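Here's the letter readout for the chains.
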Amino acid sequence: MPGINGPLDYSQEPPRHPCLKINAKEPFNAEPPRDALISSYITPTDLFYKRNHGPIPVVDDIKRYHVLIGGLIENPIQLSMDDIRKLPKYDVTATLQCAGNRRTAMSEVRKVKGVGWDVCALGNATWGGAKLSDVLKLVGLTQCTIVTPLGGRHVEFTSVDNCKEEKGGPYKASIPLIQATNPEADVLLAYEMNGKILNRDHGYPLRVVVPGVIGARSVKWLDKIDIIKDECQGFFMQKDYKMFPPTVNWDNIDWSTRKPQMDFPVQCAICSLDDDNLVQVGKVVVGGYAVAGGGRGIERVDISVDGGKTWIEADRYQKDNVPYAADDINSDKWAWVLFRAVVPVPRNTEIIAKAVDSAANVQPENVDDIWNLRGILNTSWHRVRVRRSPVANSNL
Ligand SMILES: Nc1nc2c(c(=O)[nH]1)N[C@H]1C(S)=C(S)[C@@H](COP(=O)(O)O)O[C@H]1N2
Ligand SMILES: [Mo]
């Protein structure tokens, strides 16, 4: 891998923001505090969650760095950073969410395997880069190709990091060729995040961003792209990030029975409150994020203070001064929607939030029903507990 290498140990990690909550140190996995996460529509890069499976790669010579494009195509090519920067540049605001977001709460039902995450394993950034569909045109693949003449149906991204799960090999994942060659899918080879050159934690010099899909498919530190026949056979596609029913356990699991998870289901979480809160008599602000997979919008966010008997609709917003409407041309289709409601707290209770997307998909009521042994996709109604204290409230 010219110009870039994946270290074997953690002696060359980049500096990180001190307020991040570290869920695992090596590999480094961390998320921001709840209130910090929703204090802006665009998540500042240093607060953006960091999800790694090995040491952060080191670029020693950016001039020698290039991406190989090969596999089931007639003429493989090599692209330098200059070649990629010469392609039309797109800025796409997209939320990246780890499939393990809210895993800790799922583990409370029955223990699951994986790094524990609270509700902040996601962030919303503006990614700048070339469209994958433009890059694939350079090897003769036209827009919206389902299969290449040589039988390729998937596009595999391979990195350079050393992952334990791959027995020291690199992280890899794939997406369908039809999505990769569809310009409307906005899949990027990104070299910028929030207007600055991508930093090491987030994939410098080049990463894939697959909007609307679980974070695991947005491969960082890209080394090569291969057109392949069947989906990628790597660990993170075949032995991880698959959704199983609650009856499957580590003794009866057959990984081959399920497809790798791609689109994210509708999700929301309250971030203005902790799991347990002492609130003073009166009203509280219930604020948080909602995000739908597959480019769908958020149609509604509902808040309940009576266990789900009655609901209050929260305000939704993205950019300042632009009213949010699901699936509107002026909305960022791949991005989260922030919400806010001011609700009365009549007694000691639970505050619940649930979101509805533009296909009328709604979050499941109970975590038990979607419990799965890897603890992914906990999108159950988000609940926080509030106890009243007798003094006037100050969270307004
Ligand atoms: N090379 C590589 N790419 C990777 C990973 C990784 O460990 N190595 N983690 C994946 C997972 S599971 C997620 S959720 C996102 C996290 O991206 P971030 O750290 O930029 O937030 O990157 C994905 N891409
Ligand atoms: Mo992830």
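Predicted model only: the values in this text are computed from it and were never measured.

Rules used throughout
- Residues numbered from 1 in each chain as written.
- Chains lettered and ligands numbered in written order.
- Predicted model: local features only at pLDDT ≥ 70, side-chain atom pairs only at ≥ 80, totals over all residues.
- Helix = DSSP H or I, 4+ residues; strand = E, 2+ residues; numbered from the N terminus.
- Buried ≥ 20, exposed ≤ 12 C-beta atoms within 10 Å, placed from the backbone.
- Near = placed C-beta within 6 Å.
- Nonpolar A, V, L, I, M, F, W, Y, C, P; charged D, E, K, R; others polar.
- Pairing = 2+ DSSP bridges.
- Domains from an automatic or database assignment.
- Contact = placed C-beta atoms within 7 Å.
- UniProt positions renumbered as here; feature names shortened; annotations may be inferred.

Participant: Before we go on, may I ask you to explain unusual backbone geometry in this structure?
Facilitator: Most peptide bonds take the trans configuration, and most residues that are not glycine carry a negative phi. Of note, the amide linkage connecting E26 to P27 takes the cis form, showing an omega dihedral of -5 degrees. Following Y204, the chain continues into P205 via a peptide bond in cis, with omega recorded as 10 degrees. As for its position among the elements, P205 is in the loop between β13 (196-197) and β14 (207-209). The phi angle at C144 is positive, at roughly 55 degrees, despite the residue not being glycine. Relative to the elements of secondary structure, C144 occurs in the loop between α4 (132-137) and β10 (154-158). At K167, a residue that is not glycine, the phi angle is positive and equals roughly 55 degrees. Looking at where K167 falls in the secondary structure, it is placed in the loop between β10 and β11 (172-176). C-beta crowding within 10 Å serves as the criterion here: with 8 such atoms nearby, K167 is assigned to the exposed category.

Participant: Even after reading the chapter, I still don't get the site of ligand 1, so can you show me in this structure?
Facilitator: Neighbouring ligand 1 are 18 residues; H53, C98, S159, Y171 and G215 lie closest to it. Split into classes, the residues belonging to the shell around ligand 1 amount to eight nonpolar, six polar and four charged.

Participant: Before we go on, may I ask you to explain the pairing of β10 in this structure?
Facilitator: The side chains of a regular strand alternate between the sheet's two faces. Along β10, five of the five residues are buried, which leaves the element largely enclosed by surrounding structure. Burial of the side chains of β10 extends over both faces: H154, E156 and T158 are buried on one face and V155 and F157 on the other. Note: β10 against β11, five bridges, orientation antiparallel. Opposite T158, over in β11, you have K172 as the bridge partner. Of the pairings in the sheet, the one linking β10 to strand β15 (residues 224-228) comprises five bridges and is antiparallel in character. Across the sheet, residue T158 finds its bridge partner in β15, namely K224.

Participant: Can you walk me through the domain arrangement of the protein chain in this structure?
Facilitator: Interface size, as often reported, equals the accessible area lost upon joining of the parts. For the protein chain, the domain assignment lists domain 1 (4-257) and domain 2 (267-392). When each unit is reduced to the centre of its C-alpha atoms, the spacing between domain 1 and domain 2 is 27 Å. Counting residues at the interface gives 36 residues for domain 1 and 29 residues for domain 2. Taken together, the elements giving at least two residues each to the side of domain 1 that touches domain 2 come down to α1 (34-37), β8 (89-97) and α3 (103-109). Classifying every residue of the side of domain 1 that touches domain 2 by side-chain character gives 19 nonpolar, nine polar and eight charged.

Participant: What is the right way to look at the UniProt feature "domain: Moybdenum cofactor oxidoreductase dimerisation" (unreviewed entry) in the protein chain in this model?
Facilitator: Here the UniProt-annotated "domain: Moybdenum cofactor oxidoreductase dimerisation" (unreviewed entry) positions come out as residues 259-388. Each end of residues 259-388 is marked by a C-alpha atom, and these two atoms are 46 Å apart; helix forms 0% of the span and strand 42%.

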